[in-house]
Every structure is written in C-alpha cells, then in structure tokens.
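# Survey of secondary and tertiary structure
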Amino acid sequence: MAQDTTVPKLNFEYWLDKAVEWGQATTLESQKDVCLHLPQLQEFLHQLYETIKHLGSTAVIQQFPLIGQLLGRLCWNPFVVGYDESQKTLMWCLYHLFSSEPQNAVELKANSWIRSLLCHLLSSSKWESNEAETSTFLSALGYTSADYYCHLVKNMAISLVTELRENQFNGLNIQESISASRVNAVSICCVPLITLPDIAPLLETLLLYHGGSSKEILSSEFLEAVNDAFLKKKISLPESAVFSLWLRHLPSLEKATLHLLDQLFSVQLNSLEEVARIIKDSLLPQAASHPAIFRIVNEIFKNALMETDGTSEVMTITQVFTQLFLQAYQNENKQHRFPLKAYFPHHHQLLVRSLVRRPFEVPTQYWSQHLKHISDMLKALVEDTNVSSAIDLFEIWFLVACFGEWLDIAAEQLLKGAVEPDAVLWLLAFYYCPKNENQQRTQTMVEAQAVYSHLMMLFSCADLSLKDLEAAVHRVMGIEQSCNQHLTTHLLTNFLLFSPGGHKIAQECIYHITEITDTSKEVYNLLIRTAYRFNHSGEKNQRTVKLLNELLQKLTLKV
C-alpha cells in the first residue's frame, strides 16, 4: 500500500525527461528553464529521498530502474547542485542507495559509481566558491570525472581539511563560519568513502571539528561508519581522533567496548600478556584517561560481570584493563590529569587512593602495612550502617575487585607469613563473600582461618604428600557455599606455589582438585595472573616460575 500511494506522487518520468532535456545547462534557454523548475525539483528530490529511505534501495531500483540516470544527470547540472538544499538532498539519496555490504558485481559497480558522484558533489561544494563558474571552468578544460577521479579525492580532502581548520581558528567570525548543515552534509557524503586512504585526513579533521554549535553536527551514520571501519581495522586513525569519536558518540564507545569483550572471549588466551596486548590495541585504556569514557567502559565491564555471574575470566579481564588504565593515567602530564574523584566520584577517596597505588610503587616491606590499611578502611565502610543496600555493597566490592592485584598479593603474603592474618583473611573473605546474609561472610572467615592454620602448619615442610593436604583438599571438594570453595582454592593454590614442599605435589594436587570440582578456569586464571605479575616484577624464584609454566601448560588443555 505504501508503494502504491508514494510512487505516483513522484512523477519520476517527468523529471527524468527534464534532466535529459537540460543536460549540464550550457545554453541560456536551458538555464532559464532549470531556474524556473528548481523549487518543484527540490520538492521532488525530497520526496524521492523519503521514498528511498522508506522502501530501501532494492525496492526503489525495482520501481525506478532509471534512478541512477536521473541522479547522475542532476548531480552534473551546476544550477541544480547550487540551488538551496538540493545538493544535500542528492547526497542523501546517493548515500541511501549505497550498499554497505555489496553482494555481487552489479552492486560493486553501483557503489563505485556512487562514490564518483559523491566525490564530484564534494568537489563542487559551496565552500565560499561559485559552483557554476567552477563547473564551467572544468568543462572548458575538457575534464570528466574519469580524467580527474584519481586525484579528485585527495585534492578534495585537502581542500576541505584546510577549510575546516581555518574555520576552527576563525570560529568567532560569523561571516567566515561554515554552517553546521554543510559540515553535516560533508560527513554524510564521506560514509561510502571512509576506507579510501586519501580521505583519512578529512576523517580526522571532521572528528576533531566542533564548530560553534552545542549540538552534534556530524551525522550519526558517519560516526557509526567510522567506528565500524576502525574496529574492523579497515582504517587507522590517530588516538586523538578515536577519543573524540567516542566522546561525541557514546553508542560507538559502547560498541567498541563490547567488541573488545567479544574479541577476548572468542580466542584461547594463553597468557595475560596476550590479553593486555589485545586490550591495549583497542585504545580503550588510553581513552579512559578521560573520566567520561572511563565511567562508561567501567559500567559495561560491571554489567558483563553481573551477566556472567562473576566468572573469573571477566574478572581477570577487568583487572588487566584497570591496570592498563592506571598505566595510561600515570603517563599523563600531571598538569593535565583529572583528579581521581572524577573517575570514582561515589567512592571513599582514601580507599581509592590506596587501591590505585600499584604494588611495584610500594616497597615490599610495606606491603603488609598497606594491605592492613586497605582491609581496615574496607571493613569500616562495609560495617557502616549507612551502607545498607545491596547496590552500595556491590559498588564497594566491584571497586576492590577491579584492583585484584592486591588481593592476589594478599593471599601470597598471607601464606608467606608476612602479614597480619586476621586483617588479610577478612579482606579475602569479603572479596569472595561480600554479603553477610545469614552470617555467610562470618562462616567464610571461620572456614578460611581453619584452612589457613592447617596450611601454615605444613608450610615449612620440605617433604609433602597429597595425603598431608587431604583436609584442605576435602574442604575444597566438600564445601557447599561457592564463596568458601573459591577462597580455599585460592589459598591452597598459593600454598602449592610458594611453600618449599608444595612444588613436588602441585601438579598432582591441582589435577585432583580440578578433576573433581568445577574450578579449572578459576585456578587457570589465578595462575596466569600470577605469571603476569611475576613477568612484570622480575620474580627471581626460578623454581616457582618453572612450576607456573608447567601448570599452565597442563591446565590449558582443560579450559
């Protein structure tokens, strides 16, 4: 029904006949006739654009097989292009006829033709120039699009870049200012041209251009297309342009973050170096130096964690992202840095500052003091009567979880006897069991203390067997509450890594645990986090490093 009512109103054949009759309006008679019909033609073009948008390119081409001939002739008529909004409407029509994913040779050829027309429209754009004179001059020289197409894109891009940059500097001069609608039209026209190398400088300039408008002047189609091309590595952009894209178009930032998560989940990650490389290549940690970007990315990671029920893979990815963000943040010029409160506006700032300090920034002999300080502050916050809702508690837990490097160090230092046990055990108990409904955390603390006491009795033994660890292993296998099981697994794994006798039975013990319980991925993620920390801290205990590598090789087959 929509087609029957829309098509007759277009009077397509009438305007096609007119376009053929006018040609490029080289005679006085044809020029007068064009001028006489321009208002009605513009209305027709607007209706045609709405029809293309409504029906889709395939249906429109079926209804009007000669639509290409009509648009092509009108694009080369300088009087049509120069009239009011006709040029912009022609660009819109061509844009909606462009196939983003061409399926056959016909669509590929059509895309090439559309690109040529768009380049022509951009080259004859009214950027303080006289269109009729420009077109006449080109005709007098005997040029056609085929003759100058290879140089047209580059020259057009350079010209527009110069114009935009000059306008940026002269933004207060209203007479010289480029209109927002003109910039918007250029951004629309660039969509089919995005992957052309010569257009790259124009993409960068547009992304960094703001003009004097408080509203977004670039088309959302352009911003989405640039983001998609960047994520698919079809184009490369300077960091500043990418950051500007994500700041001015939040759907692109969200898509980039989800794309990163999909990328990390779809490959077998054998080391956190590989995870870190993929995350760093995404530019998201660097972009997160801007608080608005950080908060959105952090929120997406938080939602991913909730949707996956707190899996160790998502938690590990979140922790590596946080470390890379801190690295980028600390590399920022101190004068240009935002305060930490801008990134964590609703959190206890003393706790934030303590968590943000990387372990390598704190001398090893002060780790115990630092961990106790974190634990004491956290305990005071959690037991505060004002923290009553589950949401408040989750926000505090997620903050601590993002800086999980300190939690791994806490478990390691605990078994080495280098910290105050009660404070560190409470910290770990909170991480694995943040809620205390029905005394869950209290029970977790009791279980953890029992396991810890048992392991410490065995820590200095050089000759151990699996039977010696039987009590701890049975706790892992027999615990009903998952939070207790996770904490016990963490303590037991660290015992095997760092105790003198643990090395001998580590492979047998971990194989035994992961065969009977569903902890393979958890143990694997703990081991790759430890290996990553060792690689970056210059761990000198070669026995532990060798054991880590052996365990990871065996577990890789199971996860």
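In case you missed it, the structure is sitting above this.
Our subject in this report is the structure included herewith. Please read all numbers here as calculations on a predicted model, not as lab measurements.

Rules used in this analysis
- Residues numbered from 1 in each chain as written.
- Predicted model: local features only at pLDDT ≥ 70, side-chain atom pairs only at ≥ 80, totals over all residues.
- Heavy atoms only, no water.
- 1 Å grid on protein atoms, 1.4 Å probe; cavity = no way out; pocket = protein on both sides within 12 Å on 5 of 7 lines; lining within 4 Å.
- Points joined across faces, edges and corners; volume = space filled by probe spheres on them.
- Helix = DSSP H or I, 4+ residues; strand = E, 2+ residues; numbered from the N terminus.
- Nonpolar A, V, L, I, M, F, W, Y, C, P; charged D, E, K, R; others polar.
- Domains from an automatic or database assignment.
- Phe/Tyr/Trp six-rings, centres within 6.5 Å; stacked < 30°, edge-to-face > 60°.
- Buried < 20%, exposed > 50% of the residue type's maximum accessible area, 1.4 Å probe, protein only.
- Core = buried A, V, L, I, M, F, W, Y, C linked by side-chain atoms within 4.5 Å.
- Contact = heavy atoms within 4.5 Å.
- Axes fitted to C-alpha atoms, helices over the stretch in contact; angles between N-to-C directions.
- Parallel < 35°, antiparallel > 145°, perpendicular 65-115°, else oblique.
- Left-handed = near helix turned anticlockwise from the far one by under 90°.
- Expected span 1.5 Å × (residues − 1).
- Arc of directions from axis to C-beta.
- Salt bridge = Lys/Arg side-chain N within 4 Å of Asp/Glu carboxyl O.

So, about empty space enclosed by the protein. Under the definition given, this model contains 3 cavities of 30 Å³ or more. Size it by volume and the largest cavity reaches roughly 90 Å³. Surrounding the largest cavity, Leu272, Thr316, Gln319, Val320, Gln323, Glu405, Asp408, Arg529, Tyr532 and Arg533 form its lining. For the lining of the largest cavity, the secondary-structure elements that each account for two or more residues are helix 19 (312-331), helix 24 (405-415) and helix 30 (520-537). With 4 residues, the single largest contributor to the lining of the largest cavity is helix 19. By residue class, the composition of the lining of the largest cavity is 3 nonpolar, 3 polar and 4 charged. Counting only domains with at least three residues in the lining of the largest cavity, you end up with domain 3 (250-345) and domain 4 (346-556).

Turning our eyes to something else, we now look at the packing of aromatic side chains. A full pass over the atoms with the stated rule returns 23 aromatic pairs. Geometrically, the ring pair formed by Trp15 and Phe44 is stacked, given 5.8 Å between the ring centres and 25° between the ring planes. With a gap of 29 residues between them, Trp15 in helix 2 (residues 12-22) and Phe44 in helix 3 (residues 28-55) connect regions that are remote in the sequence. The exposure class of Trp15 is buried, given its relative accessible area of 6%.

With that settled, the discussion passes to the layout of surface pockets. Put simply, the largest pocket is a space of about 1100 Å³. Asp309, Gly310, Thr311, Trp397 and His486 are the residues nearest the centre of the largest pocket, which is lined by 36 residues in total. Mapped onto the lining of the largest pocket, the elements with two or more residues apiece are helix 18 (291-307), helix 19, helix 23 (390-402), helix 24, helix 25 (421-432), helix 28 (482-498) and helix 30. A class-by-class count of the residues in the lining of the largest pocket yields 14 nonpolar, 14 polar and 8 charged.

This part takes up the nonpolar core. One finds Leu202, Phe222, Trp246 and Leu469 to be the most contacted residues of the largest nonpolar core, which totals 182 residues. Phe222 has contacts with Ser187, Cys190, Val191, Ile194, Leu203, Leu206 and Leu207, leaving out every residue within four places of it along the chain.

It is worth spelling out the packing of helix 3 against helix 7 (residues 86-97) at this point. At a minimum axis separation of 9 Å, helix 3 and helix 7 run at an interaxial angle of 20°. Looking at the two axes, helix 3 sits roughly parallel to helix 7. For the crossing formed where helix 3 meets helix 7, the hand is left-handed. Along its contact with helix 3, which presents Gln42, Leu45, His46, Leu48, Tyr49, Ile52 and Lys53, the element helix 7 presents Ser86, Thr89, Leu90, Trp92, Cys93, His96 and Leu97. Considered class by class, the residues forming the contact of helix 3 with helix 7 number 8 nonpolar, 5 polar and 1 charged.

Here the focus is helix 22 (residues 367-382). The terminal C-alpha atoms of helix 22 lie 22 Å apart, and with 16 residues this matches the ideal 22 Å at 1.5 Å per residue to within 8%. Among all positions in helix 22, only Trp367, His370, Leu371, Ile374, Ser375, Met377, Leu378, Leu381 and Val382 are buried. Projected down its long axis, helix 22 carries its buried residues within an arc of 165°, all on one side. Exposed and oriented more than 90 degrees from the buried face of helix 22 are Gln369 and Ala380. Buried residues belonging to helix 22 abut helix 21 (349-356), helix 23, helix 24, helix 25 and helix 26 (440-458).

Inspection of the secondary structure assignment puts Tyr83 in the loop between helix 6 (78-81) and helix 7. With relative accessibility at 25%, the residue Tyr83 sits in the partly exposed group. Residues Tyr83 and Leu41 lie 42 residues apart in sequence; the distance between their C-alpha atoms is 10.0 Å. Ignoring sequence-local partners within four residues, the contact set of Tyr83 consists of Leu38, Pro39 and Gln42.

What follows is about the side chain of Asn111. Mapped onto the elements of the fold, Asn111 is located in helix 8 (residues 105-123). Asn111 has contacts with Phe98, Ser99 and Pro102, leaving out every residue within four places of it along the chain.

To continue, consider the side chain of Gln413. Within the secondary structure, Gln413 is located in helix 24. Gln413 gets classed as buried once you look at its relative accessible area, which sits at 7%. In this structure Gln413 touches Trp367, Ala418 and Val419, once residues within four positions along its chain are discounted.

What follows covers the pattern of salt bridges. Within the structure shown, the criterion is met by 14 salt bridges. When the shortest N-O distance is used, the salt bridge between Glu50 and Lys53 registers 3.8 Å. Of the two residues, Glu50 and Lys53 are both situated in helix 3; the distance of 3 residues between them amounts to about one turn of the helix. One salt bridge in this structure joins Arg533 and Glu412, with 2.9 Å as the shortest N-O distance. Taken together, the residues Arg533 in helix 30 and Glu412 in helix 24 connect sequence positions 121 residues apart. Taking relative accessible area as the criterion, Arg533 reaches 10% and is therefore assigned buried.

A few words on the packing of helix 24 against helix 30. Two elements in contact, helix 24 and helix 30, have axes whose closest approach is 11 Å; the angle formed by their N-to-C orientations is 95°. In terms of orientation, helix 24 lies roughly perpendicular with respect to helix 30. Residues Glu405, Asp408, Ile409 and Glu412 of helix 24 touch helix 30, and the partners they reach there are Leu526, Arg529, Arg533 and Phe534. A breakdown of the residues in the contact of helix 24 with helix 30 according to their chemical character gives 3 nonpolar, no polar and 5 charged.

Unlike most non-glycine residues, Leu283 shows phi in positive territory, near 70°. As for its position among the elements, Leu283 is in the loop between helix 16 (272-281) and helix 17 (284-287). At Asp309, a residue that is not glycine, the phi angle is positive and equals roughly 60°. Along the polypeptide, Asp309 turns up in the loop between helix 18 and helix 19.

Another aspect to go through is helix 16. Taken together, the buried positions of helix 16 are Leu272, Val275, Ala276, Ile278 and Ile279. The buried side chains of helix 16 occupy one side of the element, clustering within an arc of 165° when seen end-on. Of the surrounding secondary structure, the elements contacted by the buried residues of helix 16 are helix 15 (250-265), helix 17, helix 19 and helix 30. Two residues or fewer after helix 16 comes Leu283, characterised by a positive phi angle close to 70°.

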